Amino acid sequence: MGAVGMGYSPLFETNKGRGRVIYRPFAISLFLAIFFIWVYRLTYIPSKLEDGNIWVWLGMFGADLWFGLYWLLTQALRWNLVFRHTFKDTLSQRYEDKLPGVDIYVCTADPEIEPPMMVINTVLSVMAYDYPTHKLSVYLSDDGGSDITFYALLEASNFAKHWLPFCKKFNIEPRSPAAYFNNIFSMAHQNNQYDDHTHNIELAAIKKLYDEMEKRIQDSTKMGEVPKEARLKHKGFSQWDSYSSKLDHDTILQIILDKKDPNNSKDVDGVVLPTLVYLAREKRPQHSHNFKAGAMNSLLRVSSSISNGKIILNVDCDMYSNNSKSVRDALCFFMDEEKGHEIAFVQFPQNFENVTKNDLYGSGLITISQVEFHGADGFGGPLYIGTGCFHRRDTLCGMKFNNGQNRINDWTNNENDQSLEENLQELEERSKVLASCTYEENTLWGKEMGLRYGCPVEDVITGLAIQSNGWKSVYYNPKRKAFLGVAPTTLHQTLVQHKRWSEGDFQILLSKYSPAWFAHGRISLGLQMGYSTYCLWASNSLATVYYSIIPSLYLLKGTSLFPKMSSPWFIPFAYVIIGETSYSLLEFLFSGGTIQGWWNDLRIWLYKRTTSYLFAFIDTILKLFGVSDSAFVITAKVAGEDVSKRYEKEIMEFGTSSPMFTMLSTLALLNLFCFLGLLREGSTLEAFEEMFLQTMLCGFLVLINLPIYQGLFLRRDNGRLPTSLAIKSTALALSLIIFFRSLA
C-alpha cells in the first residue's frame with residue numbers, strides 16, 4: 001500500500017459507457033409501453049374469444065407478461081456499462097522484477113473432435129507470451145488420454161525451442177504458428193523494421209520446421225498410432241502400457257520441460273523455456289469424473305505441487321492466444337495497489353477467427369461481448385465463461401474475501417520446498433496422487449474448493465460462488481482480441497452448443513446455486529438480474545413457441561389477437577416493436593456488426609428459442625424427475641471441405657435429420673401455409689386493418705425462415721434438409737392446421 005497516496009499512478013482506469021443518458025429515458029418509455037400492453041391484455045377481450053377461447057387470450061397475456069419481465073431483466077446488462085483500460089508500461093516500471101508466476105491450463109478431451117495440431121498451436125501460442133519464461137508454466141489436460149496428443153506435445157516442445165526466439169526477435173502477432181503463417185504477408189509487412197532478407201531467411205527456416213512437425217503429427221493421427229522410434233526415444237510412452245481406454249487408466253503425468261532438466265529446458269538462444277506438463281488424470285468406470293470441472297480441479301492440485309503460480313489462466317484447446325500482452329493486461333488489474341486486492345478473476349471475451357462477415361449463425365455473440373458483459377462489469381463483474389479467464393489461485397481454491405487481509409498483495413511464488421529438493425521423476429510420482437479418482441472423496445473439492453460440480457456449465461456457478469464470497473471480477477475487452485477460437489460451422493452444431501449452455505444455465509436457476517437465492521444479499525441486485533437473464537434462456541422457449549403458432553393459426557380463423565390499427569391500444573404495441581427493433585439494430589451496428597449480420601442474429605435468436613432452449617427446458621424438467629440425465633457434449637472443431645466452402649459463402653448448413661430440424665421445419669411450414677391461406681382467401685381493407693399486427697407477425701416468420709424453405713425444397717447440395725424430414729414436417733404442419741380447423 002506504500003504506493004497509494006501522493007503520486008500514485010493506477011495500473012488501470014474505468015470509464016462509464018457513453019449514451020446511457022439517452023438510453024435510460026428511452027428504456028423507461030419502452031417499459032411504460034410494455035405496461036400498457038399488459039393493461040390491454042387484462043382489460044380487453046375480443047368478443048370472438050369470449051366463447052370457449054378465453055384460454056387463448058390468457059396465453060397471449062402470459063407470453064406478453066413473460067417477454068416484458070424478461071426484457072426488464074436484460075436492462076441490468078445495459079444500464080451501467082463500464083469500459084477498462086490498462087497501463088502496461090506502468091506495470092513494467094513498477095513490478096517487472098516482482099511479477100508473479102502464471103500457470104496456464106489448456107484443456108482437451110477428444111483427439112478426433114479436437115485435432116492434436118490445433119491443440120499444440122494453442123499451447124505454443126501461450127508458451128510464447130511476452131512474459132518472463134521462467135515464471136510461465138503450461139499444463140495440457142488431456143481427458144482423452146491419447147498417446148497421439150502426448151506425441152504432438154513432445155513435438156511441440158522441440159519446435160518451441162526455435163519458435164519462441166523467433167517470436168521475440170521479430171515481435172510477431174499472433175503467436176500461434178498456424179495463425180501466423182496463415183497471415184504471413186500482413187505479418188511480414190508489419191515487421192518491416194527488420195531487415196527483410198534476414199527476416200525472410202529465418203521465416204523460411206521456421207516454416208520448414210513447422211511443416212515437418214505438422215507432417216509427422218498428421219501422419220501419426222491418420223495411422224492412429226505413435227511411430228515406434230518416438231516410443232522408444234521417450235520414456236513417457238511407457239505410462240500407456242497399463243492403458244485400457246480413455247475411461248479406464250492410471251494417472252499419466254509427464255513433465256516435458258522444466259528448469260530441473262538443464263539439458264532439455266532451454267531454447268536455441270540459451271533462454272529457459274516455460275515449464276511444460278502433460279496430464280491425463282486417472283479414470284475409472286465406477287468413478288464420476290465430472291467432465292471439464294474435474295479436469296480443472298486435478299490441474300489445480302497438480303500445478304500447486306509443481307509450479308504453484310499465483311495466477312491461473314485457463315483456455316480451451318481451440319482458443320489460441322492472439323495477443324502476447326494479455327498476461328500483463330490481466331496483471332494490471334490484480335496488482336493495482338488501490339483496487340487489485342478485491343479482484344478475483346479477469347474475464348476476456350470469447351472471440352472466433354472463423355466467423356463469416358455477416359456471422360451466419362450468430363456465433364460472434366456480439367451483443368453479449370460488446371454490451372452485456374460491460375453492463376455486468378458495472379454491477380460487480382462479468383460471469384466466468386470457462387475460457388480466456390485469469391484467476392487468483394487462492395480464490396479458485398475457495399478463499400473468501402477479507403478486505404484487510406487481501407490488501408497485502410504478496411506476489412512472490414511460494415514454491416513447495418519439497419519440490420525444490422526432488423528430481424523430476426520423484427516430483428511426477430508424488431504429483432500423480434493428486435490426480436487420482438479417489439483423491440477428492442470426503443473433501444470439499446467440487447463443493448467449496450475448485451470448480452463446482454453438478455452442472456454442465458460449471459464455470460458459471462464457480463464464478464457466481466467466487467463473487468458470492470465477496471470478490472469482484474473484471475471484464476477486459478481490448479482492441480486486439482486476446483483469444484481467438486473456432487466457431488461452429490453448421491446450424492446443428494450451433495443449436496446443440498446452445499442447448500448445452502441454456503440447459504446448464506437453467507439447471508443453475510433450479511439448484512442451490514441459483515442467483516435468485518444463493519447470491520441474494522451477496523452480490524448486487526443488478527448482477528443478480530444479469531445472471532438471471534442467462535439462467536432463464538431456456539424458459540424463453542415457451543412464450544416464443546406460443547407466439548410462433550397461435551397467432552398464425554387464428555389468422556386463418558379471422559380472429560384478431562392484437563388491437564386494430566385505429567385503436568389507441570395499437571400505439572404501445574407499435575412503439576415497442578419499432579423502438580426495440582430500432583435499438584437492437586443500432587446496438588448491433590455500433591458493436592461492429594452489419595445489417596445482414598443483425599438479420600442473421602435475429603434468425604438464430606428465433607431458432608435457439610424454438611429448439612435449443614425448448615429441448616433444454618424439457619430435458620431439465622425430465623432430469624428433475626429422474627427421467628433424463630445430463631451429458632457433456634463437445635462441439636466439433638473441424639468440418640469437411642464442402643461444409644467449409646458453404647459456410648464461407650454463408651449458405652446455411654443442415655445436412656442431417658434431427659428433432660431440432662423437425663421442429664424448425666414444422667414451425668416454418670405452419671406459418672407459410674397460414675400466410676398462403678390468408679392470401680388465398682383474400683381480405684377487405686377493414687379486415688386487414690383489424691389483423692395488421694397478426695399478419696405482420698406471420699409474414700415476418702415466413703420471411704426469416706427463407707433458408708429453411710430453400711433447404712427443404714430448392715437446394716440440391718449435401719447441406720440441404722433430407723427429403724424424409726421435408727415430408728414429415730409438411731405432414732405435421734398440415735395435420736396441425738386441419739386439427740385446428742376441426743375445432744372451429
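Thresholds applied
- Residue positions are given per chain, counting from 1 as you read along its sequence in written order.
- The predicted origin of the model limits local features to residues at a pLDDT of at least 70 and limits the giving and counting of side-chain atom pairs to 80 or more, whereas totals for whole chains, interfaces and linings rest on all residues.
- Each side-chain value is derived from all of the structure's non-hydrogen atoms; neither hydrogens nor water enter the calculation.
- Helix and strand assignments come from DSSP, with helices taken as H or I runs of at least 4 residues and strands as E runs of at least 2, each series counted from the N terminus.
- The classification of residues rests on relative accessible area computed with a 1.4 Å probe and restricted to protein chains. Under 20% of the type maximum is buried, over 50% is exposed, and intermediate values are partly exposed.
- Here a residue-residue contact requires only that any non-hydrogen atoms of the pair lie within 4.5 Å.
- UniProt positions are given in the numbering used here, feature names are shortened, and annotations may be inferred rather than shown by experiment.
- Any two strands are treated as partners once DSSP identifies two or more bridges connecting them.
- Angles here are taken between N-to-C directions and fall from 0 to 180 degrees, while the axes themselves are lines fitted to C-alpha atoms, restricted in helices to the stretch in contact.
- Surface patches are drawn from residues lacking salt bridges whose relative accessible area is over 30%; two like charges belong together within 9 Å, two nonpolar side chains (Val, Leu, Ile, Met, Phe, Trp, Tyr) within 5 Å.
- Throughout, the Shrake-Rupley method with a 1.4 Å probe supplies accessible areas, and for residues the shown protein chains are the sole cover considered.
- The term salt bridge refers to a pairing of a side-chain nitrogen on Lys or Arg with a carboxyl oxygen on Asp or Glu at a separation within 4 Å.
- Nine residue types can take part in a nonpolar core, namely buried Ala, Val, Leu, Ile, Met, Phe, Trp, Tyr and Cys, and a core is a set of them joined through side-chain atoms within 4.5 Å.
- Convention used here: angles under 35 degrees read as roughly parallel, angles over 145 as roughly antiparallel, angles from 65 to 115 as roughly perpendicular, and any remaining angle as oblique.
- Should the near helix be turned anticlockwise from the far one by less than a right angle, the crossing is termed left-handed; should it be turned clockwise, right-handed.
- Working definition: a ring pair exists when centres of Phe, Tyr or Trp rings (six-membered ring for Trp) sit within 6.5 Å. Plane angles under 30 degrees give stacked, over 60 give edge-to-face, the rest tilted.
- Whether a charge lies above a ring is judged from NZ of Lys or CZ of Arg, which has to be within 6 Å of the ring centre and within 35 degrees of the ring normal.

(A) View of the environment of Ala519. Among the secondary structure elements, Ala519 is positioned in the loop between α18 (491-509) and α19 (525-535). Judged by relative accessible area, which is 0%, Ala519 ranks as buried. Expressed as a C-alpha distance, the spacing of Ala519 and His234, which sit 285 residues apart in the sequence, is 50 Å. Here Ala519 is in contact with Leu464, Ser468, Ser514 and Gln528, once residues within four sequence places are set aside.

(B) Examining the UniProt feature "binding site: Mn(2+)" (unreviewed entry) in the protein more closely. Within this structure's numbering, the places UniProt gives as "binding site: Mn(2+)" (unreviewed entry) are Lys292 and Asp316. For the annotated residues, spread through 25 residues, the largest C-alpha to C-alpha distance comes to 10.1 Å, consistent with a single compact locus. Residue placement: Lys292 occurs in helix α10 (residues 291-306). Overall, Lys292 belongs to the buried group, its relative accessible area being 15%. With respect to the secondary-structure elements, Asp316 resides in strand β7 (residues 311-316). Excluding its chain neighbours within four sequence positions, the residues that come into contact with Asp316 are Cys107, Thr122, Lys292, Gly386 and Thr387.

(C) Region of interest: the sheet that holds strand β10 (residues 351-352). Across the sheet, three strands lie side by side as β8-β13-β10; this open sheet has mixed pairing. Edge positions in the open sheet fall to β8 (320-321) and β10, since each of these has one partner strand only. Looking at chain direction, β8 and strand β13 (residues 483-485) are connected through two bridges and run antiparallel. Looking at the pairing, Tyr320 lines up with Leu484 of β13.

(D) Fine view of the sheet that holds strand β11 (residues 389-392). Pairing is mixed in the open sheet, where eight strands are placed in the order β5-β6-β4-β3-β7-β11-β9-β12. In the strand order of this sheet, the two ends are held by β5 (252-257) and β12 (472-475), each with one partner. Adjacent strand axes in the sheet meet at a mean angle of 20° when their direction is disregarded. Of the strand pairs in this sheet, β5 and strand β6 (residues 275-280) are connected by five bridges, and their pairing is antiparallel. When the sheet's bridge partners are listed, Leu257 is paired in β6 with Leu276. Packing against the sheet, α10 makes contact with β3 (102-108), β4 (136-142), β5, β6 and β7, and its axis sits at approximately 145° to β3.

(E) Region of interest: a nonpolar patch on the surface. Taken together, the side chains of Leu510, Ile618, Leu622, Leu624, Phe625 and Val627 make up a nonpolar region of the molecular surface, amounting to roughly 600 Å² of accessible area. Checked against the element boundaries, Phe625 lands in the loop between α22 (595-624) and α23 (641-648). In this structure Phe625 comes out as exposed when scored by relative accessible area, which is 67%.

(F) How the structure looks around the nonpolar core. Trp163, Phe334 and Phe390 are the most contacted members of the largest nonpolar core, which totals 78 residues. In this structure, Trp163 is in contact with Leu124, Ala128, Ile172, Arg175, Ser176, Pro177, Tyr180, Phe181 and Ile206, ignoring residues within four places of it in sequence. In this structure, Leu491, Val576, Leu670 and Ile708 belong to the second largest nonpolar core, which totals 71 residues.

(G) A look at the packing of α10 against helix α16 (residues 424-432). Two elements in contact, α10 and α16, have axes separated by 10 Å at closest approach and are oriented at 150°. Taken together, the axes of α10 and α16 lie roughly antiparallel to each other. In this structure, α10 crosses over α16, and the sense of that crossing is right-handed. Residues Val302, Ser305 and Ile306 of α10 pack against Leu427, Arg430 and Ser431 of α16.

(H) Fine view of the packing of aromatic side chains. All told, the structure shown has 48 aromatic pairs when counted by the stated rule. Taking 6.3 Å as the distance between ring centres and 75° as the angle between the ring planes, the aromatic pair formed by Phe373 and Tyr534 counts as edge-to-face. Of this pair, Phe373 sits in helix α12 (residues 366-377) while Tyr534 is found in helix α19, placing the two residues 161 residues apart along the sequence. Here the aromatic cluster, defined as three or more aromatic residues joined through ring pairs, consists of Tyr40, Tyr44, Trp57, Phe67, Tyr547, Phe562, Trp569 and Phe573. Geometry around Phe562 places Arg41 over its ring, the cationic atom sitting 5.1 Å from the centre.

(I) Examining the pairing of β6 more closely. Extensive coverage of β6 is indicated by the burial of six of its six residues. Residues of β6 alternate between two faces, with Thr275, Val277 and Leu279 on one and Leu276, Tyr278 and Ala280 on the opposite face, all of them buried. Sheet analysis places β4 next to β6, joined by five bridges and oriented parallel. Bridged to Val138 within β6 is Leu276.

(J) A look at the pattern of salt bridges. Within the structure shown, the criterion is met by 32 salt bridges. Notably, a salt bridge pairs Glu282 with Arg284, separated by 3.0 Å at the nearest N-O pair. You can call Glu282 buried: its relative accessible area is 18%. Here Arg430 ties to Glu422 by a salt bridge, and the two come within 2.9 Å at their closest N and O atoms. By relative accessible area, which is 11% here, Glu422 ends up buried. Overlapping salt bridges bring together Asp248, Asp250, Glu282 and Arg284 as one network.

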